[in-house]
Amino acid sequence: MKDNVVGVGVIGTGMIGSLHAENLARRVIGARVAAVMDIDRGRAETVAARCGAKAATDAETLIADPAVDAVLIASPDTSHAELTIACIEAGKPVLCEKPLAATVADAERVLRAELAAGRRLTQVGFMRVYDQTHRDVHDLLRAGAIGKALSFRGRHFNPFSGVKTIETAIVNSLIHDIHSARWLMAAEIEQVYAQWVPALADQPRSACFAVLQLRFGSGAIGALEWSGDSGYGYEVMVEVIGETGTAESVSHSSPILRQGSTIAQAVTPNWPQRFAQAYIDEAQIWIDSVRSGEPTGPSAWDGYMSLAAAEVCIRSTETGLPERVVGMERPALY
Ligand SMILES: NC(=O)c1ccc[n+]([C@@H]2O[C@H](COP(=O)([O-])OP(=O)(O)OC[C@H]3O[C@@H](n4cnc5c(N)ncnc54)[C@H](O)[C@@H]3O)[C@@H](O)[C@H]2O)c1
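In this numbering scheme, every chain counts its residues from 1 along its sequence in written order. With the structure being a predicted model, the display of local features is reserved for residues of pLDDT at least 70 and the display and counting of side-chain atom pairs for 80 or more, all residues being used for whole-chain, interface and lining totals.

## Concerning the sheet that holds strand E7 (residues 149–157)
Read across the sheet, 7 strands follow the order E14-E13-E7-E12-E11-E9-E17 without closing on themselves; strand pairing throughout is mixed. Whereas interior strands pair on both sides, the edge strands pair on one side only; in this sheet they are strand E14 (246–248) and strand E17 (323–324). Whether two strands pair depends on DSSP finding at least two bridges between them. In this text, helices come from DSSP runs of H or I with a minimum length of four residues, and strands from runs of E with a minimum of two, each type numbered from the N-terminal end. As judged from the 8 bridges shared by E7 and strand E13 (residues 235–242), these two strands associate in the antiparallel manner. The partner of Phe157 across the bridge, within E13, is Glu235.

As structure tokens, this is what we get:
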């Protein structure tokens, strides 16, 4: 690492990859973008020029580059496992966007690669852990403000961005809420029951709305509500009901406006606006951990267990029944 500044290689420069590259280049202390790579060469070159980085021809070259101390993976879900394993085998810390892999079998391969390396190198991009409204609820829970947690409620409403299958809704979008539930309730999900409303009458596995009912290992219960077409913007909130009170996150920081016989509050249009600061804080804390050598944040274990729960949710959509989540024993490394 040159001058204690982490040279980051970014793989995938689409929506989130270019946002991460900009943050690393301009808003994160102790980092620089050393190289970027995308199968769309023109896109990689544009982002590279904006960040003062080089455009690598392929992922292997980028990972092996001595100027690359750590790698951020923001390519599509199906590429995550192979690329993360390549980083682990090269001994380079990696921030992999969620989900850790496209299937739980692939997530287990990542976990086993890290266990073979004998150290935590992987952080998964569950950035709600760095969102202040989520942190406030987390801190209240850990301080015992509402006693033992009895129930979790999550709401994740999106503006329309194309019709999704129930599988994509769960593995690519609800995976955030599954991780939030595990993290805030400090318990693994043991049983799930999934129901959904199709977006298109002639495509029963399309989804416009879904509810995942949960039972945790702690005995607590919960429900995650997801919309793929809210009709009003983007909203994410969590609420925990405890033995002696409840804690609920504030979804919006915009002022409440009372005017002309109405009370109104503006809603963020989509995730880049709602979580803008969380992406910066996530990258900063990751870079700090790369510099100190102390792993932090959502781990490969979190990525694996969240996918294990997601896959069982999909099974529940197929069987129409509550299904049990069975993961591997938690390794001592985590
Ligand atoms: N944490 C979050 O809130 C968040 C938000 C959005 C997306 N994501 C995740 O980030 C990833 C990317 O999502 P996106 O919305 O930016 O998608 P996107 O389609 O906008 O961008 C993906 C980019 O990867 C490139 N690409 C495709 N295959 C590649 C490969 N094998 N190697 C290198 N580059 C490749 C594409 O050309 C494209 O530029 C997904 O896994 C998604 O789940 C996370």
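## Considerations on the site of the ligand
Nearness here is judged by the C-beta atom: place it from the backbone, and if it falls within 6 Å of a molecule or strand, the residue counts as near that partner. Lining the immediate environment of the ligand, one finds 24 residues, of which Gly12, Gly14, Met15, Ser75 and Glu97 sit closest. Top element by residues in the shell around the ligand is helix H1 (residues 15–26). It accounts for 3 residues. Classifying every residue of the shell around the ligand by side-chain character gives 10 nonpolar, 8 polar and 6 charged. Each residue is assigned to one of three groups, with Ala, Val, Leu, Ile, Met, Phe, Trp, Tyr, Cys and Pro labelled nonpolar, Asp, Glu, Lys and Arg labelled charged, and all others, Gly among them, labelled polar.

## Regarding helix H10 (residues 300–319)
Between the first and last C-alpha of H10 there are 29 Å, a value that for 20 residues agrees with the 28 Å anticipated at 1.5 Å per step. Exposure criterion: with C-beta atoms placed from backbone coordinates, a residue whose C-beta has 20 or more other C-beta atoms within 10 Å is buried, one with 12 or fewer is exposed, and one in between is partly exposed. Along H10, 15 of the 20 residues are buried, which leaves the element largely enclosed by surrounding structure. Looking one or two residues past H10, Gly320 carries a phi angle of roughly 75°, positive in sign. For a helix, the expected span equals 1.5 Å multiplied by the number of residues minus one.

## Some thoughts on the pairing of strand E4 (residues 70–73)
Burial along E4 is two-sided: the residues Ala70 and Leu72 and Val71 and Ile73 are all buried. Sheet topology places strand E1 (residues 6–11) next to E4; 4 bridges connect them, and they run parallel. Bridged to Val10 within E4 is Leu72. Taken together, the 3 bridges between E4 and strand E5 (residues 94–96) define a ladder with parallel strand orientation. By the bridge assignment, Ile73 is partnered in E5 with Cys96. Each parallel crossover has a hand, and for E4 linked through helix H4 (residues 80–89) to E5 it is right-handed. A clockwise course of the path from the first strand over the helix to the second, judged with the strands pointing away from the viewer, identifies a crossover as right-handed.

## What to know about the domain arrangement of the protein
Each assigned domain of the protein is listed with its residue range as follows: domain 1 (6–128 + 277–306) and domain 2 (130–274). The start and end points of each domain follow an automatic or database-based domain assignment. Relative placement of domain 1 and domain 2: their C-alpha centres are 26 Å apart. Domain 1 puts 16 residues into the contact, and the matching count from domain 2 is 13 residues. Mapped onto the side of domain 1 that touches domain 2, the elements with two or more residues apiece are helix H9 (276–292) and H10. The element that contributes the greatest number of residues to the side of domain 1 that touches domain 2 is H9, accounting for 4 residues. Partitioned by chemical class, the residues of the side of domain 1 that touches domain 2 number 9 nonpolar, 1 polar and 6 charged. Residues are treated as contacting if the C-beta atoms built from their backbones sit within 7 Å of each other.

## With respect to the nonpolar core
Nonpolar core, as used here: buried Ala, Val, Leu, Ile, Met, Phe, Trp, Tyr and Cys residues forming one set through C-beta atoms within 7 Å. Counting 97 residues, the largest nonpolar core has Val36 and Leu174 as its most contacted members. Considering every element that reaches this core, the biggest residue donor is helix H7 (residues 166–185), with 10 residues. The residue makeup of this core includes at least three contributed by each of domain 1 (6–128 + 277–306) and domain 2 (130–274). Not counting the four nearest positions on each side in its chain, Leu174 is found in contact with His156, Ala169, Ala210, Leu212, Leu224, Trp226 and Ala310.

## Here we look at the environment of Glu89
By secondary structure assignment, the location of Glu89 is in helix H4. For Glu89, a count of 13 C-beta atoms within 10 Å translates into the label partly exposed. Separated by 111 residues in the primary sequence, Glu89 and Leu200 have C-alpha atoms spaced 44 Å apart.

## Digging into the sheet that holds strand E6 (residues 122–124)
Spatial strand order, E3-E2-E1-E4-E5-E6: 6 strands in an open sheet with parallel pairing. One side of each edge strand has no neighbouring strand; the edge strands of this open sheet are strand E3 (54–55) and E6. Only the stretch in contact is used when fitting a helix axis, every axis being a line fitted to C-alpha atoms; angles between N-to-C directions are given from 0 to 180 degrees. Those strands touched by H1 are E1, strand E2 (31–37) and E4, and its axis lies near 150° from that of E2.

## Describing the pairing of strand E9 (residues 189–197)
For E9 and strand E11 (residues 209–216), the ladder comprises 8 bridges, and the chain directions are antiparallel. Its bridge partner lying in E11, Val192 is registered against Leu214. Here E9 pairs with E17 via 2 bridges, running antiparallel. Paired with Gln191 across the bridge in E17 is Arg324.

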